[in-house]
Amino acid sequence: MSACVPTRNDHTSRSSRPPRASGIKRPHSPPPPRGRRFRISGANLSASITVFLIAVPMSLGLAVAMDAPLEAGLVSAAIGGIVAGLLGGAPLQVSGPSAGLTVVTAELIQIYGWRTTCAITIGAGLLQILLGSLRAARSALAVSPAIVHGTLAGIGVAIALAQLHIVLGSTPQSSVLDNALSLPAQLTQLSPAAPFIGGLTIALLVLWPRLPGRLGLMVGRIPAALAAVAIATAVAAVATPGIARVDLPSWRSHALPELPQGPAAALATAVLTVMLVASLESLLSAVAVDKLAADRAAAPPKDGTTPATPVKRSDLDRELRAQGIANALAGMFGGLPVSGGAVRSSANVRAGATGRSATVLHGFWVLLAALLLVAALEWIPLAALAALVMVVGIQMVSFAHIRNVHKHREFPVYGATITGVILAGVLKGVAIGIAVAVVIALHRLARTRITVAEQEGRYVVTVRGQLTFLAVPRLSRTLGRLPQGADAIVELDGFFIDHAAYETIQEWRTSQIALGGRIVFTGRSGGRIGEPASAAHSCCRPWTPWRNHHCHDRSEHAIESAASTASASPTTASAATPASTAAAGDRRGAHWLLRGLSSFQRTTAPLVREELARLAAEGQRPSQLFLTCADSRLVTSMITSSGPGDLFTVRNVGNLVPLPDTEGEESSDDSVAAAIEYAVDVLKVESITICGHSGCGAMQALLGGAPDAPRTPLWRWLRHGLPSLERMKSRHHTWARISGRMPTDAVEQLCLTNVVQQLDHLRAHESVARRLAAGTLQLHGMYFHVGEAQAYLLTEGESSGTGPDEVFARVAPGPEPGTEPSWDPSRGPGPELTAELAPEASPQPCGPPVRAAHAVPGTAVDA
């Protein structure tokens, strides 16, 4: 569908457009994107206040934990909110002092002093700007989740142990081990004031969100962090007036950065460490915020309220550049390192924020508090702030993450990382985790089991694991021991075959077939891979009225050509020109539709007339809405074995479902939405299926489209598929795949991803969301491979990453009428095929049959 690819620029000048005041309507002109204007709504104002009330005590607490000037925490909170909020690619993410950098920053302050640490922060920010400009943000997410969560958990343990000393009324030591070893002595020298206030703060943090009844509903809107610190401050003012409190020095004495002093290698390592931890924390937080915002938008509205507006997915490269600018400015103005915070960001989303104005306003409130509320802030006890940060550190050790990595057999990586961070520091801990992950991956890749058994005169070769060059020697020895010309079944239980293993199997198979052997390749469940040549049907065996139309066309054309050639003289026949041949082709094309209609009236109409008459009298009652592509090769009634009245079909270019009334979009297409509403609310369909197909021209156009494409009607339609392209490029989402193999190329990957993305768009429609919530509607994803004539249904299971694992399971051939189906989509994926190795097929009268596609040797697609 090369015509879908925009090839020219067509920019309309502003002078040619009628002015807005002229009264001339411009229905085809897209409205200006609203996202470019800084709008403050009531929801954003309310959310900014909520986040501000959380950010102030947390910023002061992190400054205490790092042994940094207390006002540095407020500086970073203000800069992170205003600068990163205005420039960032994650509108709902709230940036500020980094909890993940607490241990690193505290160590830098001890070694180099505060002013050099500020210079290191500037260097880390400049490095973030460089990496963001090089579009390296997605590469940072390639790190195993076990390593990332292990790093954050190790930092959380270090934070909790250090702050426990402040809660107990002492000062923390320089290392995690020293803090742990000095705890027994500290417990023997307790002073009651600090532990009392710290314990009260911890109790309030834990119990405040769990207050029952009407009281819990009334006070639950107040952030737990604010309530805990405020109540602890009030109690300390009465019960322990002599307790250590916040001491904010004058802004005139605020320390600014100086030229870094120290070994160049050590300073470079420090800059790299700050950059790495801050970037990972920010990017992971942005991904988490996207999930929260998507869940909020997909949730059905409560009490008849308006559904939440979907938020565009974060631009991670832009976010990384914004974090770099914020860090450079924070270091320049004497602030702590800045990163996106999961606690503040999740509070922002749950408070109802819809845009970046909530983040920016929170930064302004922090700035005003730092200038006007110094006297009030100095009443806060240090023990209360330490208790708040200690709870944040404990929460960084997530048991949900531990269960997840254990389930996917990655706990050794998690354990090695957390141990390395605690004992050797953040950078060395990450390096240890990466090394362990590489060793485990190589071990799994090389662990291939090959067994041979003899059953009923045939040999069964079972291969468990991945077939790489490392397994080729054992594979060759095992296959070489089989008798020459023997029949064999090769069961491939794996998802990857590299070039060396593929050639080994193919050469052995060829030699065995040449000696009279019969070789069959199967998947894990025994299903045969590839269609044998004997199964290829003859061209003209009728089974549907349209089945023979190409044969009939060729036969009729051959008869006409033979007749015309026989009746013409040799001179006339030799004088035929290409132009006359083309004209004859045009005449045949003009009569093609008429011949098809005549064939229908002659052969099919007598068979369906009674059924169509009944439907005309009773009206349509389809049970399914089938939304698919307009591609002419996709015959919906054929692949679903349906007839008149069964499917309510909607076809468009690319099987796209535009989001309903999306703010900031240029123009919405209501035709698909109208069909969905009619099918769901009027026809009361029971399920909706979105069907993509192989070789989709719309997906090819999206992959090949340019940013400066002309604003043609085709471009305006294809932009509804841009979220699918972004989803495929995003490492936040696990790639959709076909059961038993990876997609063959980027076009097939985008076709699969587009089905998953359009299902998300479908859930955003009000009528669909309402029926889904009531449990009276089901959604299905389907992929049809045209060349294989094979249907695949989308199933969802648990993945090894951070989201649902989308697998399109192969639909097996159906049973005879009256028997149970061989596969039920609700029971999970069907048979998984590990490779496609089809035997050679002999040519047929209509040309060579389509062979089952097999994995390209030596090629792997990263899922």
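Since the model is a prediction, treat every value here as computed from it, not as a measurement. (Residues numbered from 1 in each chain as written. Predicted model: local features only at pLDDT ≥ 70, side-chain atom pairs only at ≥ 80, totals over all residues. Heavy atoms only, no water.)

A. Structural context of the sheet that holds strand β5 (residues 488–493). If you trace the four strands from one edge of the open sheet to the other, you get β3-β4-β5-β6, paired in mixed fashion. Edge positions in the sheet fall to β3 (449–455) and β6 (519–522), since each of these pairs with one other strand and no more. Strand after strand, the sheet turns through a mean of 20° between neighbouring axes, direction not considered. As judged from the four bridges shared by β5 and β6, these two strands associate in the parallel manner. By the bridge assignment for β6, E491 is matched with T522. Docked against the sheet, helix α22 (residues 499–514) engages β5 and β6, running at close to 145° with respect to β6. (Pairing = 2+ DSSP bridges. Helix = DSSP H or I, 4+ residues; strand = E, 2+ residues; numbered from the N terminus. Axes fitted to C-alpha atoms, helices over the stretch in contact; angles between N-to-C directions. Contact = heavy atoms within 4.5 Å.)

B. The arrangement of the nonpolar core in detail. Membership of the largest hydrophobic core comes to 75 residues, with the highest contact counts inside it found for L60, I120 and V366. With 11 residues, the top contributor of residues to this core is helix α1 (residues 42–66). Contacts of L60, omitting those with residues within four sequence positions, involve L70, L74, L248, L377, I380 and L385. Membership of the second largest hydrophobic core comes to 42 residues, among which are C629, V685, L702 and L779. (Core = buried A, V, L, I, M, F, W, Y, C linked by side-chain atoms within 4.5 Å. Buried < 20%, exposed > 50% of the residue type's maximum accessible area, 1.4 Å probe, protein only.)

C. View of the environment of L183. Tracing the sequence through the fold places L183 in helix α8 (residues 183–187). Through-space distance from the C-alpha of L183 to that of H165 is 7.6 Å; in sequence the pair is 18 residues apart. Beyond its immediate stretch of four places on either side in the chain, L183 contacts L161, L164, H165 and L168.

D. Expanded view of the pairing of strand β9 (residues 687–693). Within β9, seven of the seven residues are buried, leaving the element largely enclosed by the surrounding structure. Bridge count for strand β7 (residues 624–629) against β9 is five bridges, and the pairing is parallel. Counterpart to Q624 in the pairing with β9 is S687. As paired elements, β9 and strand β11 (residues 778–785) share seven bridges and run parallel to each other. In the strand pairing of β11, I688 is matched with L779.

E. Main features of the packing of aromatic side chains. Applying the stated rule across the entire model yields four aromatic pairs. Ring centres of F648 and Y678 lie 5.8 Å apart, and the angle between their planes is 35°; this geometry places the pair in the tilted category. Of the two residues, F648 sits in strand β8 (residues 647–652) while Y678 sits in helix α27 (residues 670–682), which places them 30 residues apart along the sequence. Here F648 falls in the buried class, since its relative accessible area comes to 16%. Centroid distance Y783 to Y792: 6.2 Å. Interplanar angle 40°. Geometry classified as tilted. Across this residue pair, the class does not change: Y783 and Y792 are buried. Ring-pair connections join several aromatic residues into one group, and the members of that group are Y783, Y792 and F808. (Phe/Tyr/Trp six-rings, centres within 6.5 Å; stacked < 30°, edge-to-face > 60°.)

F. A look at the pattern of salt bridges. Using the criterion set out here, one finds nine salt bridges in the structure. Measuring nitrogen to oxygen at the nearest pair gives 3.8 Å for the salt bridge that ties R135 to D317. Of the two residues, R135 sits in the loop between α4 (114–133) and α5 (137–140) while D317 sits in helix α13 (residues 316–332), which places them 182 residues apart along the sequence. Residue classification places R135 among the exposed residues on the basis of a relative accessible area of 60%. (Salt bridge = Lys/Arg side-chain N within 4 Å of Asp/Glu carboxyl O.)

G. Summary view of the confidence of the model for the protein. In this model, the protein carries a mean pLDDT of 76, and residues with pLDDT of at least 70 account for 77%. The weakest mean pLDDT in the protein belongs to helix α24 (residues 570–574) at 38; the strongest belongs to β9 at 94. Taken together, the stretch residues 1–36 has pLDDT below 50 and engages in 34 contacts with residues farther than four places along the chain or on a different chain. Long-range and interchain partners of residues 798–803, a stretch whose pLDDT sits below 50, account for 12 contacts in this model, where long-range means more than four residues apart. (pLDDT = per-residue confidence, 0-100.)

H. Quick peek at the environment of A322. Structurally, A322 can be placed in helix α13. Assessed through its relative accessible area of 2%, A322 is described here as buried. Sequence separation between A322 and Q128 is 194 residues, and the spatial gap between their C-alpha atoms is 8.5 Å. Among residues more than four places away in sequence, those in contact with A322 are A84, L87 and G88.

I. Spatial organisation of empty space enclosed by the protein. Throughout the structure, instances matching the rule amount to six cavities of 30 Å³ or more. What the second largest cavity holds in volume is close to 70 Å³. Considering the residues around the second largest cavity, the lining is formed by V148, T151, L152, V277, L280, E281, L284, V426 and V430. Contributing elements (two or more residues each) for the lining of the second largest cavity: α6 (145–167), α12 (264–298) and α20 (426–446). If you tally residues by element for the lining of the second largest cavity, the top one is α12, at four residues. A breakdown of the residues in the lining of the second largest cavity according to their chemical character gives seven nonpolar, one polar and one charged. (1 Å grid on protein atoms, 1.4 Å probe; cavity = no way out; pocket = protein on both sides within 12 Å on 5 of 7 lines; lining within 4 Å. Points joined across faces, edges and corners; volume = space filled by probe spheres on them. Nonpolar A, V, L, I, M, F, W, Y, C, P; charged D, E, K, R; others polar.)

J. Local environment of the state of the cysteines. Across all of its chains, the model carries zero disulfides by this definition. The thiol of C629 is not disulfide-bonded; the next cysteine sulfur, from C696, is found 4.1 Å away. Relative accessible area serves as the criterion here: at 6%, C629 is assigned to the buried category. (Disulfide = S-S within 2.5 Å.)

K. Layout of the side chain of T359. Topologically, T359 is positioned in helix α15 (residues 357–372). For T359, a relative accessible area of 1% translates into the label buried. Within the structure, T359 has its side chain in polar contact with the backbone oxygen of P91 (distance 3.4 Å). Sequence-distant contacts of T359, defined by excluding residues within four places in its chain, comprise G81, G85, P91, L92, Q93, V94 and N348. (Polar contact = N/O pair within 3.5 Å; in protein donor to acceptor, adjacent residues only side chain to side chain.)

L. Looking closely at unusual backbone geometry. Positive phi is not limited to glycine here, since D67 has a value of about 60°. With respect to the helices and strands, D67 occurs in the loop between α1 and α2 (70–87). On the basis of relative accessibility, which here comes to 60%, the residue D67 falls in the exposed class. For K684, which is not glycine, the phi dihedral falls at a positive 55°.

M. Helix α21 (residues 472–480), seen in detail. Along α21, the residues that are buried comprise V472, L475, T478 and L479. Along the axis of α21, the buried positions cluster into a sector of 130°, meaning they face one direction only. Tucked inside the fold, the buried residues of α21 contact β3, β4 (458–464) and α22. (Arc of directions from axis to C-beta.)

N. Geometry of α22. For α22, built from 16 residues, the straight-helix expectation of 22 Å at 1.5 Å per residue is met to within 8% by its first-to-last C-alpha distance of 22 Å. For α22, the set of buried residues is A501, Y502, T504, I505, W508, R509 and Q512. Mapping the buried residues of α22 onto a view down its axis gives an arc of 160°, with all of them on the same face. Of the residues in α22, the exposed ones pointing more than 90 degrees away from the buried face are E507 and A514. Buried residues along α22 sit in contact with α21, β5 and β6. The positive-phi residue at the C-terminal boundary of α22 is G516, with phi of around 95°. (Expected span 1.5 Å × (residues − 1).)

O. Examining the side chain of S642 more closely. As for its position among the elements, S642 is in the loop between α26 (636–639) and β8. For S642, the side chain forms a polar contact with the side chain of T640, separated by 2.8 Å. Dropping the residues within four chain positions of it, S642 is found in contact with T636, S637 and L647.

P. Geometry of the packing of α1 against helix α17 (residues 382–395). The contact between α1 and α17 brings their axes to 8 Å, and the two run at 90°. Our classification of the angle between α1 and α17 gives roughly perpendicular. Two secondary-structure elements touch here, α1 through P57, M58, L60, G61, L62, V64 and A65 and α17 through L382, L385, L388, V389 and V392. (Parallel < 35°, antiparallel > 145°, perpendicular 65-115°, else oblique.)

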